[in-house]
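The lines below spell out each chain.
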Amino acid sequence: MAQPASSGDLLEAARSGAGEQELLDIDLPTRFRAAFTRKDEVGLFDGQADKDVRRSLHVGEVDMPELAPDEVVVAVMAAAINFNTVWSAIFEPVPTFAFLEKFGRQGWHGARHDLPYHVLGSDASGVVVRTGSGVKSWKPGDRVVISPSYVDEEDHGSYDDGMMSETQLAWGFETNFGALGEFCIAKANQLIRKPAHLTWEEAGSTTLCAGTAYRMLVGRHGARMKQGDVVLIWGATGGLGSFATQLVKNGGGIPVGVVSSEEKAALVRAQGCEHVINRNELDLGEQGLRHPKAGRMLGEAIRRLVGEDPGIVFEYLGRETFGASVYVAKRGGTIITCGSSTGYKHEYDNRFLWMRLKSIIGSHGFNYHEAVEVNRLIGLGMIHPTLSAVFPLDEAAEATRAVQTNQHVGKVAVLCAAGGEGEGVDDPALRERVGEERLNLFRR
Ligand SMILES: C/C=C/C(=O)SCCNC(=O)CCNC(=O)[C@H](O)C(C)(C)COP(=O)(O)OP(=O)(O)OC[C@H]1O[C@@H](n2cnc3c(N)ncnc32)[C@H](O)[C@@H]1OP(=O)(O)O
Ligand SMILES: NC(=O)C1=CN([C@@H]2O[C@H](COP(=O)(O)OP(=O)(O)OC[C@H]3O[C@@H](n4cnc5c(N)ncnc54)[C@H](OP(=O)(O)O)[C@@H]3O)[C@@H](O)[C@H]2O)C=CC1
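Residues numbered from 1 in each chain as written. Chains lettered and ligands numbered in written order. Predicted model: local features only at pLDDT ≥ 70, side-chain atom pairs only at ≥ 80, totals over all residues. Heavy atoms only, no water.

Q: Would you mind going over the site of ligand 2 in detail, with residue names and values included?
A: Taken together, the neighbourhood of ligand 2 is formed by 25 residues, with S260, R279, S341, G365 and H408 sitting nearest. One nitrogen or oxygen atom from the side chain of R279 is found 2.8 Å from an oxygen atom belonging to ligand 2. Between ligand 2 and G365, the relevant distance is 2.6 Å, taken from an oxygen atom to a main-chain nitrogen or oxygen of the residue. For ligand 2, the accessible surface in isolation is 920 Å², of which the surrounding protein chains cover 89%. Put simply, the parts of the chain that give the shell around ligand 2 at least two residues each are α3 (83-90), α7 (207-217) and α8 (239-250). By residue class, the composition of the shell around ligand 2 is 10 nonpolar, 12 polar and 3 charged. Residue contributions to the shell around ligand 2 reach at least three from each of two domains, namely domain 1 (8-206 + 385-439) and domain 2 (225-362). (Near = heavy atom within 4 Å. Polar contact = N/O pair within 3.5 Å; in protein donor to acceptor, adjacent residues only side chain to side chain. Areas by Shrake-Rupley, 256 points an atom, 1.4 Å probe, with all protein chains shown as cover. Helix = DSSP H or I, 4+ residues; strand = E, 2+ residues; numbered from the N terminus. Nonpolar A, V, L, I, M, F, W, Y, C, P; charged D, E, K, R; others polar. Domains from an automatic or database assignment.)

Q: Describe the nonpolar core, naming the residues involved and giving the relevant values.
A: L217, L232, W234, L298 and F314 are the most contacted members of the largest nonpolar core, which totals 61 residues. Both domains that meet at this core, namely domain 1 (8-206 + 385-439) and domain 2 (225-362), each give it at least three residues. In contact with L232, not counting residues within four places along its chain, are V256, V258, L298, I302, P310, I312, V313, F314 and V328. F45, V72, A79 and W138 belong to the second largest nonpolar core, which has 38 residues in total. (Core = buried A, V, L, I, M, F, W, Y, C linked by side-chain atoms within 4.5 Å. Buried < 20%, exposed > 50% of the residue type's maximum accessible area, 1.4 Å probe, protein only. Contact = heavy atoms within 4.5 Å.)

Q: Can you tell me about the layout of surface pockets, naming the residues and giving the values?
A: For the second largest pocket, the calculated volume is near 450 Å³. In terms of lining residues, the second largest pocket is bounded by 21 residues, among which H291, P292, G323, A324 and E347 are the most central. The set of elements that each furnish at least two residues to the lining of the second largest pocket consists of α10 (294-306) and α11 (322-328). It is α11 that provides the largest number of residues to the lining of the second largest pocket, a total of 5 residues. Grouping the constituent residues of the lining of the second largest pocket by class yields 9 nonpolar, 4 polar and 8 charged. (1 Å grid on protein atoms, 1.4 Å probe; cavity = no way out; pocket = protein on both sides within 12 Å on 5 of 7 lines; lining within 4 Å. Points joined across faces, edges and corners; volume = space filled by probe spheres on them.)

Q: Quick one: what's the story with the site of ligand 1, residue by residue and with numbers?
A: Around ligand 1, the surrounding shell consists of N84, W87, P93, V94, F99, A170, F173, L208 and H364. Within the side chain of N84, a nitrogen or oxygen atom sits 3.1 Å from an oxygen atom of ligand 1. Protein coverage of the free-state accessible area of ligand 1, which is 1,100 Å², stands at 32%. When the residues that make up the shell around ligand 1 are grouped by side-chain class, the tally is 7 nonpolar, 2 polar and no charged.

Q: Tell me about helix α14 (residues 396-404), and please be specific about residues and values.
A: Counting buried positions along α14 gives 8 out of 9 residues, so the element sits mostly inside the fold. When α14 is considered as a whole, its buried residues turn out to be A396, A397, A399, T400, R401, A402, V403 and Q404. On its buried side, α14 packs onto β1 (31-38), β2 (58-63), β3 (71-81), α3, β17 (387-392) and β18 (411-415). Directly beyond the C-terminal end of α14, a positive phi value near 55° is found at N406.

Take a look at the structure:
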């Protein structure tokens, strides 16, 4: 078998800011390092209490796939761990190989993804090193972040809102060749210019959570928060929560953050969120938030703090919190949900929904417009990264374990091809104006 080409030269060139021709002059390697799960390990955790992702997430060499005309190869400088990487690595609620098989049935484009391994990761920053023949707006050398929305523009369902097409996918979760590798493959319209004042690891850890929170709170498909709205945010220092808190403040709303420790409460306050509730101080006993009076007790705490009920509840925890979320929302209020970390079969008392005219809205990801809009806010220095820790690619499984066990705050990044932390800043003056203190608020 022929010796695989080394990825080192191209990565070094991308890192050091080489131009288009210089990058094109270096061969694309046939193999590269990446973090992946294996199809033959799908049953690994059957019957086990601790589904430790360090057993299922591997780092090793994978093949460079063939590039489609509408795609680009990006040298990934940094990627982030999102909770979907945890779901993928525990093979729940559906082994992601089922998504790859389904994608494979769409034809040649999809069939490339249907492999016995799955390269994960849905957030990245990096440098374009190759473009397909149909790509017009991007060239090798461009410094980008990658939106995880994977939308087929030929599907009529995507015309009004990319998220409404049946073929819409989450990149690196329902597609292969995701962010957690030295290289990744993305559709050209997933690319957005990298916010110039951020490091690779900051830029690579924002789009998925910031974009999801933007659609849920600000975009026309979500709760459409207005000035003065009280918004209850579960897990206000988590990936989604840390961006939701900022978006509410930035839009003139009144965030009420829920957290599980005093250290996290201090972090939420440092983000300018005055009202914080430590859920462990609600005195709910063994049943926790599933206590029949949890909604009432949480609601009383909110009324004491703010003086009114939340018009919007920012939900993604599901089974444990959903009943309380429906209860505490104000008359006519909205519970907006994008997930079910604690279980997807929810129970809530429907009388409080219909008698008080509340609504539940399901939300998922964000369309390209929303991805660009939220990155614009980040690029303007109005919404900030919430990076807390950085791991090398070889320790991608450790990084994922930290998120799986709720040991983290904000976002956890993985350095893929970047030489070290702190690289990639293109606009130091803007960085100085935003301030290191604000950009490093979540660092531990
Ligand atoms: C941006 C990043 C975000 C994230 O990462 S989110 C976090 C992680 N995501 C998750 O945890 C979600 C994981 N996904 C899932 O659990 C599953 O993915 C779904 C439950 C969402 C869907 O599962 P499915 O098996 O596709 O469900 P069905 O829709 O019931 O499809 C099975 C068959 O049922 C047909 N069907 C759908 N709706 C109807 C209907 N209303 N009446 C009759 N049939 C229906 C379909 O077409 C299909 O059929 P056919 O198998 O032949 O293709
Ligand atoms: N559909 C979509 O487009 C998207 C869906 N998601 C989903 O949203 C969920 C959250 O993602 P993300 O924010 O990145 O995850 P994180 O792990 O970063 O944050 C989750 C937060 O939830 C809180 N939490 C954990 N357990 C409980 C509990 N039992 N009760 C109350 N709060 C709890 C924690 O805060 P604390 O302990 O301080 O209370 C933690 O900070 C995941 O299920 C993910 O799959 C995420 C992004 C996009």
